[in-house]
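# Close look at the chain arrangement
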Amino acid sequence: MLVLAIGDLHIPDRALELPPKFRKLLAPGKISQILCLGNLTDRETYDFLRSVSPDLQIVKGEFDLSLSLPLSKVVTHGSLRIGFTHGHTIVPPGDSDALLIAARQMDVDVFIWGGTHRFEAYELEGKFFINPGSATGALSSGWWAEGENPVPSFVLMDVQGTVLVLYVYQYIDGEVKVEKVSYRKGG
């Protein structure tokens, strides 16, 4: 099963659009489910994501206007429980101990968060942590080193039983670069 994790789009407030090369990759009919980590701030992008997969799961980012969106959700694929949240409720932001506590509270194997606009993926105490970054490369209010800018990114997860193969898509210098990371529950 292919699951897309995407977030922090901030269209049109901080970015004009999803990079066209990303848009082309996200073809309808290939992705089973989308986990959107919030800050989906325009209807056109919502409609586009819904066309990619009708199973669009969304959590509230700090700039989403809808009051009815949950702050976090859990989905199950195979034997993997996957929890996701925007990340603005994680304090300090992106802190590995705070993320581990949230993952334990949600009782999940995989924890996906957003808000920092930076891609990350790592394993800690048998759990897999993923931040897909900002799909548009939108500027964030976080600290960035001088000359460093957000890199547009999203992740596609291929979930088969206890194995998750993560494909990281990054838009660098006008080209889409793809990396692969694997996680096995209990292994």
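Report follows, based on the coordinates. Just so we're clear, the structure is a prediction, and the values are computed from it rather than from any experiment. Every chain is numbered on its own, with residues counted from 1 as its sequence reads. pLDDT decides what is reported in this predicted model: residues at 70 or higher carry local features, side-chain atom pairs at 80 or more are listed and counted, and totals for whole chains, interfaces and linings draw on all residues regardless. Only hydrogens and water are set aside when side-chain values are computed; all heavy atoms of the structure are taken into account.

### With respect to the overall build of the protein chain
Where we set the bar: Comment: elements are numbered from the N terminus, with helices defined as DSSP H or I runs of at least four residues and strands as E runs of at least two. Atoms considered for the radius of gyration are the C-alpha atoms alone. The globule rule reads 2.2 Å times the number of residues to the power 0.38.
Across its full length, the protein chain holds three helices and 11 strands. In sequence order, the protein chain lays out its α and β elements as β-α-β-α-β-β-β-α-β-β-β-β-β-β. For the protein chain, the C-alpha radius of gyration of 15 Å lies close to 16 Å, the compact-globule estimate for 187 residues. Structurally, the protein chain occupies a C-alpha span of about 40 × 35 × 35 Å along its principal axes.

### Some remarks on the nonpolar core
To be explicit about the condition: We define the nonpolar core as a collection of buried residues of types Ala, Val, Leu, Ile, Met, Phe, Trp, Tyr and Cys that are connected through side-chain atoms lying within 4.5 Å of one another. Think of it in three bands: with a 1.4 Å probe and only protein chains considered, a residue is buried below 20% of the maximum accessible area for its type, exposed above 50%, and partly exposed in between.
Leu4, Ile6, Leu9, Leu18, Leu26 and Ile34 are the most contacted members of the largest nonpolar core, which has 21 residues in total. Within the residue set of this core, elements represented by two or more residues are β1 (2–6), β2 (33–36), α2 (43–52), β3 (56–58) and β9 (153–160). Broken down by element, this core gets its largest block of residues, four residues, from α2. If you look at the next biggest cluster of nonpolar residues, it comprises 20 residues, including Leu37, Val110, Ile130 and Tyr183.

### Here we look at the pairing of strand β10 (residues 163–172)
Note the following rule: The pairing criterion is simple: DSSP has to find at least two bridges between the two strands.
The element β10 is largely enclosed, with a buried count of seven among its 10 residues. Of the pairings in the sheet, the one linking β9 to β10 comprises eight bridges and is antiparallel in character. Of the residues in β10, the one forming a bridge with methionine 157 is leucine 166. Connecting β9 to the antiparallel partner β10 that follows it, the hairpin turn spans two residues, and glycine 161 within it adopts a positive phi of roughly 65°. Here β10 pairs with strand β11 (residues 175–184) via 10 bridges, running antiparallel. Across the sheet, the residue bridging to isoleucine 172 is glutamate 175, located in β11. The antiparallel hairpin formed by β10 and β11 contains two residues in its connecting segment, where aspartate 173 sits at a positive phi of about 55°.

### Here's the deal with the sheet that holds β11
Test applied: Simply put, an axis is a line fit to the C-alpha atoms, just over the touching stretch for a helix, and the angle between two N-to-C directions goes from 0 to 180 degrees.
Read across the sheet, six strands follow the order β3-β2-β1-β9-β10-β11 without closing on themselves; strand pairing throughout is mixed. The sheet terminates laterally at β3 and β11, the two strands that pair on one side only. Neighbour to neighbour, the strand axes of the sheet diverge by 20° on average, direction disregarded. Two elements, β2 and β3, share three bridges in a ladder whose sense is parallel.

### A few points about the packing of aromatic side chains
Which entries qualify depends on this criterion: Ring pairs are drawn from Phe, Tyr and Trp, using the six-membered ring of Trp, whenever the two centres fall within 6.5 Å, and their geometry is named by plane angle: stacked under 30 degrees, edge-to-face over 60, tilted for the rest.
Enumeration according to the criterion identifies seven aromatic pairs in this entry. For the pair phenylalanine 22 and tyrosine 171, a centre-to-centre distance of 6.0 Å together with 70° between the ring planes defines the contact as edge-to-face. Taken together, the positions of phenylalanine 22 in helix α1 (residues 20–25) and tyrosine 171 in strand β10 put the pair 149 residues apart, joining distant regions of the chain. Residue class for tyrosine 171 comes out partly exposed when judged on its relative accessible area of 26%. Ring centres 5.1 Å apart and planes at 5° place the aromatic pair phenylalanine 128 and tyrosine 183 in the stacked group. Of this pair, phenylalanine 128 sits in strand β8 (residues 127–132) while tyrosine 183 is found in strand β11, placing the two residues 55 residues apart along the sequence. Taken individually, phenylalanine 128 and tyrosine 183 each receive the classification buried, so the pair is uniform in this respect. Pairwise contacts between aromatic rings join Phe22, Phe154, Tyr169 and Tyr171 into one cluster.

### Points about the sheet that holds strand β7 (residues 119–124)
Ordered in space as β4-β5-β6-β8-β7, the five strands form an open sheet in which the pairing is mixed. Strands at the two margins of the open sheet, each flanked by one partner only, are β4 (72–77) and β7. This sheet shows a mean twist of 15° between the axes of neighbouring strands, independent of strand direction. In terms of strand pairing, strand β6 (residues 110–113) meets β8 through three bridges, oriented parallel. Directly across from isoleucine 112, in β8, lies its bridge partner isoleucine 130.

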